[in-house]
Amino acid sequence: MLKVINVVGARPNFMKVAPIVAAMRGRANEFAPLVVHTGQHYDAAMSDSFFRDLGMPQPDVYLNVGSGSHAAQTAAVMQRFEPVVAKEKPDWVLVVGDVNSTLACALVCAKLHIKVAHVEAGLRSRDREMPEEINRLLTDQISDLLLTPSMDTSENLRAEGIAETRIRFVGNVMVDSLLAHLSLSANSNIREDLGVAEKAYAVLTLHRPSNVDERETLARILDALEEISRSVPLIFPVHPRTRARLDEFSFAERIERNENLRLIEPLGYLDFLRLYSGAVIVLTDSGGLQEETTALGIPCLTLRENTERPVTVTKGTNIIVGTDTEKIVQSARRVLHSPRSNELRQVALASSLPPLWDGHTAPRILDALIAASI
Ligand code: UD1
């Protein structure tokens, strides 16, 4: 029997851990799972609604760290997680993704000689200005088992000299959640509530510090969005960080004047799935959404200069457009004005998703944990 602490901290962690914990509960003679929530994200809309939508058990332990500078947040998670690990003495701690909670918990375990499995290992943007890139590099260095979502990410680890025995290609666990909830999301009324029809609107998300914390960059992006919104209504669920910056830079009023650029509160998992799955195009700086749109064949423009998920470009629907106003507008126009070629692309994609994005990654993760424990 393996006792596993599964760590969640921030919004993008929940849909990765939910299928893993569900699979562990289904194999109760092999696994005793616990869920620890660091509290990095704590708002009802950023956290609670995901537990509900994903049918996840309430956390066994809640660390309540909240927001803070990178150092303060990472340190708070470490201080509060260490006694939990010391008390529970798990066989494994499983961390996912690249948020501050991921690195903090992995580091605690490395020092206590508790084995760490990192789900979504090997992603690299090669941009060390990105806090997540630091979290990825360091978490991979100190984890015992590196569970990769795509073959290129395994290659990244090999290129860094990581031993083959620590690397397991298991596929993309976020696709497990996506496929398991797709039909359920049809019960969401979000499109009706917003009065938008399938393929007649765009969805936008924006929260990267590099995009929203600098007035000029955010202004350039807003210029592009205003232009695009002349052709198609844009629905924009706003992350709390972005909401704060829009207020600080006095952009909120400018947006409110534009009826076709609609700011809404952050959505839960099912409502958001319903919303983006019906969009004609998605514009984002999120990592997960680049993958989710590829999995569903929805065209995606990534408002960043790079991606740690290149497979979404080579095998998917993702186009990296950066933050230049003209470039964003031109790329959006190309997608919006060629619906026929997009349809064909969607059909072609459905039969050629990246390998092991098949909805069965969680059981492979469990098998890898068992194999690595022998
Ligand atoms: C974090 C992750 C990022 C991930 C994102 C998803 C790191 C370094 N970054 O960024 O990789 O893509 O989550 O959302 O771990 N806030 C609230 N309520 C909340 C959470 C945050 O109001 O429930 C506000 C606070 O003002 C906080 C700010 O958002 O200071 C930023 O939160 P933080 O967790 O530091 O980083 P994110 O930008 O959310």
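The structure presented is a predicted model; accordingly, all values stated were derived computationally and were not measured.

A. Representation of the sheet that holds strand β9 (residues 234-237) in the model. Spatial strand order, β10-β9-β8-β11-β12-β13: six strands in an open sheet with parallel pairing. Each having just a single partner strand, β10 (261-264) and β13 (318-320) make up the two edges of the open sheet. The sheet shows a mean angle of 20° between the axes of neighbouring strands, taken without regard to direction.

B. Seen up close, the packing of aromatic side chains. Within this structure, the stated rule accounts for four aromatic pairs. When the centroid spacing of 6.0 Å and the interplanar angle of 35° are considered together, the rings of F14 and F50 count as tilted. With F14 in helix α1 (residues 11-26) and F50 in helix α2 (residues 44-53), this pair connects stretches of sequence that are 36 residues apart. Taking relative accessible area as the criterion, F50 reaches 3% and is therefore assigned buried. Clustering of aromatic rings is evident, with ring pairs tying together F14, F50 and F51. The ring centre of F251 lies 5.7 Å from the NZ or CZ of R254, which sits over that ring.

C. Highlighting helix α7 (residues 173-181). Across the nine residues that make up α7, a large majority, seven, are buried. Buried within α7 we find V173, M174, V175, D176, S177, L178 and H181. Buried residues belonging to α7 abut α1, α2, β5 (115-119), α13 (269-277), α14 (288-296) and α18 (361-373). The N-cap of α7, judged by a side-chain oxygen 2.9 Å from the amide nitrogen of M174 a few residues on, is N172.

D. Molecular detail of the side chain of S49. Locating S49 in the fold gives a position in helix α2. Look at S49 and you get buried, because its relative accessible area is 9%. Apart from residues lying up to four places away in sequence, S49 is in contact with A44 and G268.

E. Here's a closer look at the pairing of strand β11 (residues 281-284). Here β11 shows no split at all, with I281 and L283 on one side and V282 and T284 on the other all buried. As judged from the four bridges shared by strand β8 (residues 202-205) and β11, these two strands associate in the parallel manner. Opposite T205, over in β11, you have T284 as the bridge partner. Pairing geometry for β11 and strand β12 (residues 300-302), over three bridges, is parallel. Its bridge partner lying in β12, L283 is registered against L301.

What counts, and at which threshold
Residues numbered from 1 in each chain as written. Predicted model: local features only at pLDDT ≥ 70, side-chain atom pairs only at ≥ 80, totals over all residues. Heavy atoms only, no water. Pairing = 2+ DSSP bridges. Helix = DSSP H or I, 4+ residues; strand = E, 2+ residues; numbered from the N terminus. Axes fitted to C-alpha atoms, helices over the stretch in contact; angles between N-to-C directions. Phe/Tyr/Trp six-rings, centres within 6.5 Å; stacked < 30°, edge-to-face > 60°. Buried < 20%, exposed > 50% of the residue type's maximum accessible area, 1.4 Å probe, protein only. Lys NZ or Arg CZ within 6 Å of the ring centre and 35° of its normal. Contact = heavy atoms within 4.5 Å. Polar contact = N/O pair within 3.5 Å; in protein donor to acceptor, adjacent residues only side chain to side chain.

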